[in-house]
Each structure stands twice: as structure tokens, then as C-alpha cells.
Amino acid sequence: VMMFGCFALLSITGLVLIQVIWATGLNERIQYKALLHQQSILLEKGQEIQLDSASKTSIETKKLEAKKLEIQNDYLRNEKKLTISIGSIIFWVDKYGRFFGPNYKAKEEQDFNDNLEKRIHYITVADSSIYNINYYLLPLLYGLLGANAHILRALSIEIKRLSFTSDLKIRYWLRLFLGMLAGIAIGWVSIPSDQILDGNLNTESLGIQSSISLPLAFLAGYSVELLFAAMDRIISAFSSQNQTKPK
């Protein structure tokens, strides 16, 4: 009993750590994307003022110049925020994301031609890391947590009834593995695989879909029998249809 309790504690600790790492990376990525969007808006406003100033009077031109200066100052402030944001993403990737994303280049292997190439590399690795954690690791851990919850509840009932035997350990260990499989299966079904489009992570929908898929993964791990029973019914339904077809 103590063994399963310690394993449940380790599962919860690992889940919390991974969840914090994922949420931190996702938050940094959302902030960077918002700053980029703001930067493009400021550029468009600056271009519009540049075009309008050619057909204005001297008084109107002075007003436009003042507005242009204000936009330039906003642009510079936003550029500083972007630098800080990409620095945070680089720190996150070097510290955590490197273990979850492919094609990561260690500092001693980096041979970037300019800062833009370096920025693109780290953004790509960050997007892949956030996606992989959300798509594979978190559903697995939530399924494992659900299986742990079911085992602890069953253990408390069996100890109360004095019906616990050592033979149940094998069944409970199998249930843990089935819980992880169920969690991954729910992740595959509920999270679309097109979250990264044209090399850009769809951060808007990722958080919303995770708030739905992760509780489902927990429920699947908790009620493994129901999930696999439903799968067996689906398979048997198709099998019976194939058997009844006339030859």
C-alpha cells in the first residue's frame, strides 16, 4: 500500500513540474506572438502617416510628424519588449525545451549567420517542445494520475474490508500502464495534430483544447474498463458486420 502511495506522490510531483514547464513556455510564446502582432500594427500606422503627410498642409504635417514620433517611440519600446521576450524563450529552451523538441542545437554547435536565424531556430524548437508536451506527455501523465486515483480508492476499500491480497499488486501495476495508454489515446483523439501550421504554433486554441483533453485523459485513466470496453464494442460491431456480409 505504501508503495502505491509513494508512486502516486511521485506521479503528482512529476505532473506538476511538467505542467509548470509547459505553461511557462506557452505563456512566453503567447506573449512573443502578441508583441509581434503589435509591432506589425505600429509599422502599418507609420507607413500610413508617411503616405498621408505628402498631401497635407504644413499645420497638418506637423501634427502627423508628432504622431509619427509617438509611433516610433512606441515601436522602440515594443522592440525592447520583443528582445526581452525572445531572451526568455531562449532561456526556456536551453533549460527545459531542449529535452522535448527536435533539432535543438547546443550552444557549442550553434553557427547562426545572424540573430534572425538564431531567433527562428529557438522559436521552432519552443513550438515543437510545447506541442510535444501537450500532445504526448501531459495526457500520459494525466492518465497515470487517474489510474493512481482509482488504485488508491480501491486500496482504501479493500483495506477497510480486510480483503487486500498481494496478488492484487500485479493487477494494479497493469492498471497503471493501461491508464497511461488510455491518456495518450485521449490525447490523440481530442487534440488536433495540425496545431503547428506553416511553422507557427496555434497558441490561441492550444490552451482551450488542453483544458478539455487533459481532464478527459484523467477520466480515461480512472475508468480504464469503460474506455476499453467501448473500444471492444466498436471493434466487435465492425467485425460482426463483416461476418454477416453475403459472399
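Keep in mind it's a predicted model, so treat the numbers as computed, not measured.

Novice: Which residues make up the confidence of the model for the protein, and what values go with them?
Specialist: Chain-level statistics for the protein give a pLDDT mean of 83 and a share of 86% at 70 or above. When mean pLDDT is compared element by element in the protein, helix α3 (residues 115-161) scores highest at 89, while strand β1 (residues 196-197) scores lowest at 56.

Novice: Outline the nonpolar core, listing residues and values.
Specialist: I89, V93, I130 and L138 are the most contacted members of the largest nonpolar core, which has 34 residues in total. Contributions of two or more residues to this core are made by α1 (2-52), α2 (58-95), α3, α4 (168-190) and α5 (203-222). Aside from chain neighbours lying at most four places away, what touches L138 is L15, I18, Q19, W22, I133 and L214. Among the nonpolar cores identified, the runner-up in size contains ten residues, and L144, A147, L168 and M180 belong to it.

Novice: So what about α4? Which residues, and what values?
Specialist: With 23 residues, α4 should reach 33 Å at 1.5 Å per residue; the first-to-last C-alpha distance of 32 Å fits that figure. Every buried residue of α4 is listed here: L168, Y172, R175, L176, G179, M180, A182, G183, I184, I186 and G187.

Novice: Which residues make up the environment of S163, and what values go with them?
Specialist: As for its position among the elements, S163 is in the loop between α3 and α4. Once residues within four sequence positions are removed from consideration, S163 is found in contact with E158 and L168.

Novice: Would you mind going over the packing of aromatic side chains in detail, with residue names and values included?
Specialist: Taken as a whole and assessed by the stated rule, the structure comprises six aromatic pairs. On the numbers, 5.7 Å between centres and 85° between planes, the contact of F4 with Y172 is edge-to-face. With F4 in helix α1 and Y172 in helix α4, the pair connects residues that are 168 residues apart, well separated along the chain. Its guanidinium or amino end placed over the ring of F99, R98 lies 5.7 Å from that ring's centre, counting from NZ or CZ.

Novice: Describe the pattern of salt bridges, naming the residues involved and giving the relevant values.
Specialist: One pass over the full model with this rule turns up four salt bridges. The partner of D74 in a salt bridge is R77, with the nearest N and O atoms 2.2 Å apart. In this pair, D74 and R77 are both assigned in helix α2, three residues apart and thus about one turn of the helix distant. Measuring nitrogen to oxygen at the nearest pair gives 2.4 Å for the salt bridge that ties R175 to E225. With a gap of 50 residues between them, R175 in helix α4 and E225 in helix α6 (residues 224-244) connect regions that are remote in the sequence.

Each value, and the rule that gives it
- Residues numbered from 1 in each chain as written.
- Predicted model: local features only at pLDDT ≥ 70, side-chain atom pairs only at ≥ 80, totals over all residues.
- Heavy atoms only, no water.
- pLDDT = per-residue confidence, 0-100.
- Helix = DSSP H or I, 4+ residues; strand = E, 2+ residues; numbered from the N terminus.
- Core = buried A, V, L, I, M, F, W, Y, C linked by side-chain atoms within 4.5 Å.
- Buried < 20%, exposed > 50% of the residue type's maximum accessible area, 1.4 Å probe, protein only.
- Contact = heavy atoms within 4.5 Å.
- Expected span 1.5 Å × (residues − 1).
- Phe/Tyr/Trp six-rings, centres within 6.5 Å; stacked < 30°, edge-to-face > 60°.
- Lys NZ or Arg CZ within 6 Å of the ring centre and 35° of its normal.
- Salt bridge = Lys/Arg side-chain N within 4 Å of Asp/Glu carboxyl O.

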